[in-house]
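Each chain, letter by letter, is given below.
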Amino acid sequence: MSEDQENIAPMSRLPRLASPAKPSSIPTLSAAPLLSSGNANKRKLPSSPLAPPPTKRSVSGSSASSGLRSSQRGGFVPTTTKKPVATRPASALGASTRRTGSTGSTGSAGSSSTTATTRARTATTAAARRPPVSSSSTTTRSSGTLGRSVGPSARATSRGVSPGLAATATSRSAIGSGVASAAQFKSHDGRLENVERMVGGFKDLLEREQAKISSLQMSQVDLQALLQSTQNTEREARRDLSSASEELAALRASHTREIDDLERTIARKDREKRGLEEELRDSREELSRERETIRQLKQSLAEQSTQHITLSAQLQASQTQLSIVQAEVDRATLSVSSMKAELSVGQENAKRAEELAEQKVRQAEEDRDRRIAEIEAELREAETIRRKLHNQVQELKGNIRVFARVRPALAHESSSPEALAEIAYGDERTAQETGQSQIVVKSRSESATGQAREQEYPFTFDKIFAPQAGQKEVFEEISMLAQSVLDGYNVCIFAYGQTGSGKSWTMEGGQNDQDAGMIPRAIDMIFAVSSGLKDRGWKYQMEGQFLEVYNEVINDLLGNGQFDTKKHEIKTVDGKVSVTDVVSIPLNNPRQVSTLLERARGRRAVAATLMNERSSRSHSVFTLKVKGENPLTNEKCEAMLNLVDLAGSERLEKSGAGENKDRMKETININKSLSALADVIGALGSGKEGGHVPYRNSTLTRLLQTSLSGSSKTLMMCNLSPLSVHLNETLCSLRFASKVNWTVVGQVRKQVAK
Ligand SMILES: Nc1ncnc2c1ncn2[C@@H]1O[C@H](COP(=O)(O)OP(=O)(O)OP(=O)(O)O)[C@@H](O)[C@H]1O
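Bear in mind that the values here come from a model prediction, so they are computed numbers and not experimental data.

Cut-offs applied
Residues numbered from 1 in each chain as written. Predicted model: local features only at pLDDT ≥ 70, side-chain atom pairs only at ≥ 80, totals over all residues. pLDDT = per-residue confidence, 0-100. Contact = placed C-beta atoms within 7 Å. Core = buried A, V, L, I, M, F, W, Y, C linked by C-beta atoms within 7 Å. Buried ≥ 20, exposed ≤ 12 C-beta atoms within 10 Å, placed from the backbone. Helix = DSSP H or I, 4+ residues; strand = E, 2+ residues; numbered from the N terminus. Pairing = 2+ DSSP bridges. Axes fitted to C-alpha atoms, helices over the stretch in contact; angles between N-to-C directions. Expected span 1.5 Å × (residues − 1). Parallel < 35°, antiparallel > 145°, perpendicular 65-115°, else oblique. Left-handed = near helix turned anticlockwise from the far one by under 90°. Nonpolar A, V, L, I, M, F, W, Y, C, P; charged D, E, K, R; others polar.

## What to know about the confidence of the model for the chain
Here the chain averages 73 in pLDDT, and 67% of its residues register 70 or above. Across residues 1-172, confidence stays below pLDDT 50; counting only partners more than four residues off in sequence or on other chains, it has 214 contacts. Considering only residues more than four positions removed or in separate chains, one finds that residues 744-754, a stretch of pLDDT under 50, has 37 contacts. Interface confidence in the predicted complex, given as ipTM, is 0.98; pTM for the same model is 0.52.

Structure, rendered in structure tokens:
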């Protein structure tokens with residue numbers, strides 16, 4: 001091989017080692033081959049130090065990609081193909097760099113070392129081809145020198161071409177200073193020139209590559225922007241898609257609604273159509289009816305035309321008559337106008353008469369009011385007089401009156417003549433004449449000799465009620481006393497008699513109005529009379545209390561709880577008797593009284609259950625307190641109505657007390673209080689003014705002190721059994737009642753409220 005050949009050989013191999021130096025290989029860096037195949041790229045890209053550093057691989061890739069696109073810029077169509085094309089050129093470049101670099105280092109250092117190595121290898125190859133003119137050590141030194149000179153040369157190459165040339169010059173001087181000949185120097189010069197040309201080529205290549213890189217970088221930026229915009233477009237497209245989907249759904253919904261609406265409209269139209277068809281049918285029927293009517297009308301028109309002709313004739317006749325009547329009316333009008341003139345004169349007269357009448361009416365009204373006032377005053381006076389007269393009548397009748405009442409035989413009692421006692425009643429007419437009634441009780445017995453003995457016991461009382469007398473009849477006799485209460489007089493009504501003789505019946509009566517006893521009737525009457533007296537200026541206040549005296553102890557029948565446990569005492573203050581701690585209920589109407597009686601009855605029933613038939617062994621005292629005031633007459637009054645249901649009056653042996661101590665005590669207390677009552681009445685009847693009256697001998701007489709004193713009116717109702725078995729008790733009761741009846745009590749004093 002000649003030197004030229006040797007010179008040329010390495011140079012011809014250089015471009016193979018560093019392909020960028022080969023001008024034909026530079027175009028292969030164009031974008032098209034890079035895109036078409038990564039491997040082709042790797043083969044054709046120069047293993048040059050111009051390769052971009054690996055850290056910028058992605059940028060290079062993008063740039064390469066941008067470079068590719070840049071060739072198509074202006075006619076670019078975005079593609080969604082995701083081939084890893086963009087990164088390939090960079091990696092190819094990097095890979096190429098690594099493959100070509102012997103040390104595998106990066107950057108310009110790698111490139112320069114590669115160049116140095118290449119040159120060292122070339123030199124070594126050339127030296128090997130040269131005859132061995134110098135010792136091995138020289139070769140080694142030369143090699144080493146070359147090697148050393150290559151290092152700076154490589155570094156110089158990395159900085160530019162001049163240092164490379166300098167390195168080459170240094171190498172040449174080293175060889176020159178050694179064993180190299182002039183020919184060798186010449187050969188070296190040639191090679192140097194080659195190298196310099198190559199370096200120049202490299203520089204051009206470098207500049208082009210840099211231009212490409214910058215162009216690629218720009219393309220990369222463009223592509224990134226493009227990518228961004230593509231992504232944005234994609235996002236927008238997705239948003240559009242989703243909104244289009246929503247719109248589609250909405251359209252579907254509205255379509256469904258429209259379909260529904262249309263179906264409804266069709267249904268409605270169907271209904272309307274049916275309706276119209278029905279209407280049409282109706283109209284047709286109507287039309288046929290109308291036609292029928294028209295036909296009938298035509299017929300009737302024809303008839304009426306006939307009638308019209310008749311009527312026209314009649315009208316003419318009537319008009320003639322009318323003109324006659326009109327003439328009469330004119331005459332009548334004339335007479336009416338003359339009558340009107342007379343009427344106006346009459347009206348004038350009537351007006352004057354009316355004024356006169358009004359005057360007279362006013363005068364009469366004034367006279368009437370004056371008369372009413374006079375009459376009212378007279379009435380009030382009359383009321384006062386009536387009260388006095390009423391009292392006088394009551395006094396004449398006696399302040400203590402005694403009635404006797406015989407109850408009928410009850411359903412469960414035998415009404416045979418033997419079972420009933422023989423009781424005869426006096427003549428009614430005589431009773432009315434004398435004001436006294438007689439009752440005769442017959443008793444039959446056998447004498448010690450066995451002879452039948454018949455005895456008659458006549459008794460006279462103010463009034464005697466036979467068994468058939470009803471409650472109403474009895475009350476009529478008592479009502480005058482109730483009236484006396486409103487007049488301000490104390491009234492005390494006793495029901496006396498043996499157990500079962502009808503005391504409670506007389507005082508309280510049955511549940512219905514017909515059977516109502518003296519208490520409810522007296523209350524009703526007092527309320528009725530008091531409301532009537534309102535017109536005469538009287539105003540009344542009433543309150544009631546209900547007490548029971550059992551074994552000399554007072555129990556409040558209106559107290560709280562089921563059974564009264566309070567201790568009540570009788571006190572006399574300012575001559576008035578009162579009981580401590582008793583309930584007194586204000587009464588405004590008779591209904592309240594019946595409620596009050598019901599309550600008292602309930603409590604008595606409880607006590608009866610608790611204490612064996614106690615009710616018949618206690619005295620019950622219902623008190624109605626009445627306060628009246630008349631501002632017109634300045635009159636005031638205060639009085640009490642006491643309605644007393646006394647305990648059974650039977651004697652001890654008849655009471656069945658026997659060994660029963662409680663019963664014996666009850667009977668003793670009853671007898672004691674009844675005899676105390678008789679004593680009080682007896683003392684009052686003795687007529688001794690200021691004489692001692694033993695009120696304090698029993699609780700009952702103390703309680704009734706006010707009612708029994710001279711300022712009260714007393715009625716004793718002696719109740720009697722019709723049965724012969726009770727004959728002896730009946731006689732006892734009649735004797736007791738007779739005693740009371742013959743007692744004369746001092747004049748009654750009217751109670752005037754203070
Ligand atoms: N005039 C009458 N008309 C109809 N029934 C009467 C009459 N008098 C009393 N009775 C009836 O006789 C029975 C006994 O009467 P009542 O209870 O009034 O006697 P009493 O004297 O109050 O007895 P006690 O002292 O035991 O309370 C009752 O069933 C009552 O209905």
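Don't stop here, the text continues.
## A word on the nonpolar core
Taken as a class, soluble globular proteins show a tendency for nonpolar side chains to be buried jointly. Ranked by size, the top nonpolar core spans 80 residues in total, and within it I493, C718 and A737 carry the most contacts. By residue number, the principal contributor to this core is helix α11 (residues 471-486), which donates 7 residues. Not counting residues up to four positions away in its chain, the partners in contact with I493 are I478, L481, M518, L643, V644, L715 and M717. Within the second largest apolar cluster, 5 residues are counted, among which are V195, M198, V199 and F202.

## A few points about the sheet that holds strand β2 (residues 422-425)
Pairing within the open sheet is antiparallel, and its 3 strands lie in the order β2-β3-β4. Both edges of this open sheet fall to β2 and β4 (452-461), since each of them pairs with a single strand only. In this sheet, adjacent strand axes meet at a mean angle of 20 degrees when their direction is disregarded. Summarising the sheet, strand β3 (residues 437-446) and β4 pair through 10 bridges and their orientation is antiparallel. Looking at the pairing, S437 lines up with F461 of β4.

## Observations concerning helix α18 (residues 727-741)
Relative to the 21 Å expected for 15 residues at 1.5 Å per residue, α18 spans 20 Å between its end C-alpha atoms, a close match to the ideal helical length. Listed in full, the buried residues belonging to α18 are L727, E729, T730, S733, L734, F736, A737, V740 and N741.

## A look at helix α13 (residues 518-533)
Taking 1.5 Å of rise per residue, the 16 residues of α13 would be expected to cover 22 Å, and the 22 Å separating its terminal C-alpha atoms lies within 8% of that figure. Within α13, burial applies to M518, I519, P520, R521, A522, I523, I526 and F527.

## What about the pairing of strand β12 (residues 619-630)?
Two strands pair when backbone bridges link them, and strand β7 (residues 539-550) and β12 are joined in this way by 11 bridges, in the antiparallel orientation. Bridge assignment links E548 to a residue of β12, and that residue is S620. Here 11 bridges tie β12 to strand β13 (residues 635-645), and the two strands are oriented antiparallel to one another. The residue of β13 that forms the bridge with G628 is C637. Between the end of β12 and the start of β13, which pair antiparallel, lie 4 residues, with N634 showing a positive phi angle near 60 degrees.

## What to know about the packing of α11 against α13
Across the interface, α11 lies against α13 with an axial gap of 9 Å and an inter-helix angle of 50 degrees. In this view, α11 runs oblique relative to α13, as classed from their interaxial angle. Relative to α13, the crossing made by α11 is right-handed. Residues F475, I478, S479, A482, Q483, V485 and L486 of α11 lie in contact with α13, whose contacting residues are M518, R521, A522, M525, I526, V529, S530 and L533. Class assignment of the residues belonging to the contact of α11 with α13 gives a composition of 11 nonpolar, 3 polar and 1 charged.

## Here's the deal with unusual backbone geometry
One non-glycine residue, N551, lies in positive phi territory at about 50 degrees. By the secondary structure assignment, N551 is in the loop between β7 and β8 (553-556). A positive phi angle, near 60 degrees, is found at N634, a position not held by glycine. For N634, the position within the fold is in the loop between β12 and β13. Overall, the presence of 8 C-beta atoms within 10 Å leaves N634 in the exposed class.

## Here's the deal with the environment of F546
Positionally, F546 belongs in strand β7. Note on F546: 27 C-beta atoms within 10 Å, which makes it buried. Along the chain, F546 and F622 lie 76 residues apart, while their C-alpha atoms are 4.4 Å from each other. Ignoring sequence-local partners within four residues, the contact set of F546 consists of L557, L558, L596, A600, S620 and F622.

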